[in-house]
Amino acid sequence: MRKILKFLLISLSLLLAAELAFVGWTLSPRDREDALPQTTAAPETTVPETTVPPTTVPTEDYILTFTGDFTPGCMPGQFENPKAYVGTVGDDYEFPFRYMRPYFEADDFTFLNLEVVLGLDVGRQANKTFVFSAPEEYVQIMTTSSVEAVTLANNHTEDFGQEGYENTKRILEENDIAYVEEDKTSLFTTESGLTIGLYADSFYLDESEIAENIAALRDQGAQLVICAFHWGDEGSYRHNKKQEGYAHAAIDAGADIVVGHHPHVLQEMESYNGGLIFYSLGNFSFGGNDHPKDYDSAVIQQTVMRKSDGTIALGETVIVPICISSVSDRNNYQPVPYEPESEAYSRVLEKLNGTYSGPNVIPGYDYLRD
């Protein structure tokens, strides 16, 4: 009789184990939790956690922040103008990013397009219509707001020649702000341990060079690759074919994220071949225009996941629709988030998802003068 009872108990145990294993493999983690019996009244029958196969989950998340053009300066001769950037900001270095600082401080990596020469009376002014410079002290706008890195690949960082450009780099280095130059690469490791590869270029890109630089970054140990491209048509809400070709080539070559600047307005974002493309993030704290025709912009916060097997993957993309000014009568160079579900908030999302029903290009667009 004992042998028969023992046989029946063993058989019953095997059937129960098989049933639990079936539940564990076929239901989602939430469903599995709900499906397990609640046995607080009989602890001796509680199912051990080890009977449910664990799922692979990320072990660490990183947040990366991207914005539009950052030009903390103005034209020569405009420094005394109370409505220009320097006249508005003065020595209140926390003013421009007052409403953005919480986003920057909560992330692992904030990356801006620095479109100005740092330092006054340095270098020879370029023979061009628009040139921008800023007091050397304005680097503190970034250091007081947790900005980690900038791209210098744009059409204004050499507004005062090589001397002005070298001075800008010196100031950034002395203040521990990383940078990437035109058609060059740079590695940056966050305090939280993510090694980011940066590659930047402007206007006349070359697909073979894009691929070579991305491969070099991977060889150097980049766990995530970001391309910063200065390109596109000013005032256009639609990216052009050249932008698309270069962006796709970058992702196909192994880049994870492509961030675009120069049009001064928002353009579409795209998910392509496992990567993300932001064709243009418009303006941010932009001293080139005190009365722009378009005040819409966005801050992007991208989650990057390090999985339990060590691989890196893109996670959630958070879009923060913003107005580039905190006052309504002019641009005061202080970006502020739009109210959720407002008309402006929805308009920003439409510009990014390609459903914007307005004109493709701002009529009579002039990015400095209205």
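Here goes a summary of the coordinates provided. Values in this document were obtained by computation on a predicted structure and should not be read as measured data. (Residues numbered from 1 in each chain as written. Predicted model: local features only at pLDDT ≥ 70, side-chain atom pairs only at ≥ 80, totals over all residues. Heavy atoms only, no water.)

**Looking at the overall build of the protein**
At step 1: Across its full length, the protein carries nine helices and 16 strands.
At step 2: Of all 370 residues assigned to the protein, the portion counted as buried reaches 49%.
At step 3: Summing over all exposed atoms, the protein offers an accessible surface of approximately 17,600 Å²; the carbon and sulfur share of this is 51%. (Helix = DSSP H or I, 4+ residues; strand = E, 2+ residues; numbered from the N terminus. Buried < 20%, exposed > 50% of the residue type's maximum accessible area, 1.4 Å probe, protein only. Areas by Shrake-Rupley, 256 points an atom, 1.4 Å probe, with all protein chains shown as cover.)

**Digging into the nonpolar core**
At step 1: Residues Phe97, Leu114, Met142, Val150 and Leu172 are the most contacted members of the largest nonpolar core, which totals 36 residues.
At step 2: Contributing elements (two or more residues each) for this core: helix H3 (85-89), strand E2 (109-114), helix H5 (140-143), helix H6 (161-174) and strand E15 (312-323).
At step 3: Excluding anything up to four places from it in sequence, phenylalanine 97 contacts Phe70, Phe104, Leu112, Ile141, Ser145, Val147, Phe284 and Ser285.
At step 4: Core analysis: the second largest hydrophobic core is formed by 24 residues, Ala200, Ile226, Leu276 and Val304 among them. (Core = buried A, V, L, I, M, F, W, Y, C linked by side-chain atoms within 4.5 Å. Contact = heavy atoms within 4.5 Å.)

**Focus on the sheet that holds strand E7 (residues 184-189)**
At step 1: Strand order in the open sheet formed by six strands is E7-E8-E9-E10-E12-E11, with mixed pairing between adjacent strands. Of all strands in the sheet, those bounded by a partner on one side alone are E7 and strand E11 (269-272). Averaged over all neighbouring strand pairs, the angle between strand axes comes to 15°, with direction disregarded.
At step 2: Summarising the sheet, strand E8 (residues 195-202) and strand E9 (residues 224-230) pair through seven bridges and their orientation is parallel. Its bridge partner being in E9, serine 202 is matched across the sheet by histidine 230. (Pairing = 2+ DSSP bridges. Axes fitted to C-alpha atoms, helices over the stretch in contact; angles between N-to-C directions.)

**Focus: the packing of aromatic side chains**
At step 1: All told, the structure shown has 15 aromatic pairs when counted by the stated rule.
At step 2: Judged by centre distance (5.9 Å) and plane angle (75°), the rings of tyrosine 93 and tyrosine 138 are edge-to-face. Of this pair, tyrosine 93 sits in the loop between H3 and helix H4 (101-106) while tyrosine 138 is found in the loop between strand E4 (133-134) and H5, placing the two residues 45 residues apart along the sequence. For the residue pair tyrosine 93 and tyrosine 138, the accessibility class agrees, reading buried in each case. (Phe/Tyr/Trp six-rings, centres within 6.5 Å; stacked < 30°, edge-to-face > 60°.)

**Observations concerning unusual backbone geometry**
At step 1: Positive phi outside glycine occurs at phenylalanine 203, with the angle close to 60°.
At step 2: Tracing the backbone shows phenylalanine 203 in the loop between E8 and helix H7 (207-219).
At step 3: Even without a glycine there, the phi angle at histidine 264 is positive, about 70°.
At step 4: Assignment of secondary structure puts histidine 264 in the loop between strand E10 (257-261) and E11.

**Considerations on the environment of threonine 311**
At step 1: Topologically, threonine 311 is positioned in the loop between strand E14 (296-307) and E15.
At step 2: Given a relative accessible area of 39%, threonine 311 falls into the partly exposed group.
At step 3: Each C-alpha atom, one on threonine 311 and one on glutamine 223, is 8.4 Å from the other, the two residues being 88 residues apart in sequence.
At step 4: At 2.7 Å, the side chain of threonine 311 forms a polar contact with the side chain of aspartate 309. (Polar contact = N/O pair within 3.5 Å; in protein donor to acceptor, adjacent residues only side chain to side chain.)

**A short note on H6**
At step 1: Taking 1.5 Å per residue, 14 residues should reach 20 Å; H6 reaches 20 Å between its end C-alpha atoms and fits that length.
At step 2: Restricting attention to buried positions, one finds in H6 the residues Gly164, Tyr165, Asn167, Thr168, Lys169, Ile171 and Leu172.
At step 3: As for H6, its buried residues are in contact with E2, strand E3 (117-118), H5, strand E5 (149-151) and strand E6 (178-180).
At step 4: Directly after H6, the chain includes aspartate 176, whose backbone phi takes a positive value near 60°. (Expected span 1.5 Å × (residues − 1).)

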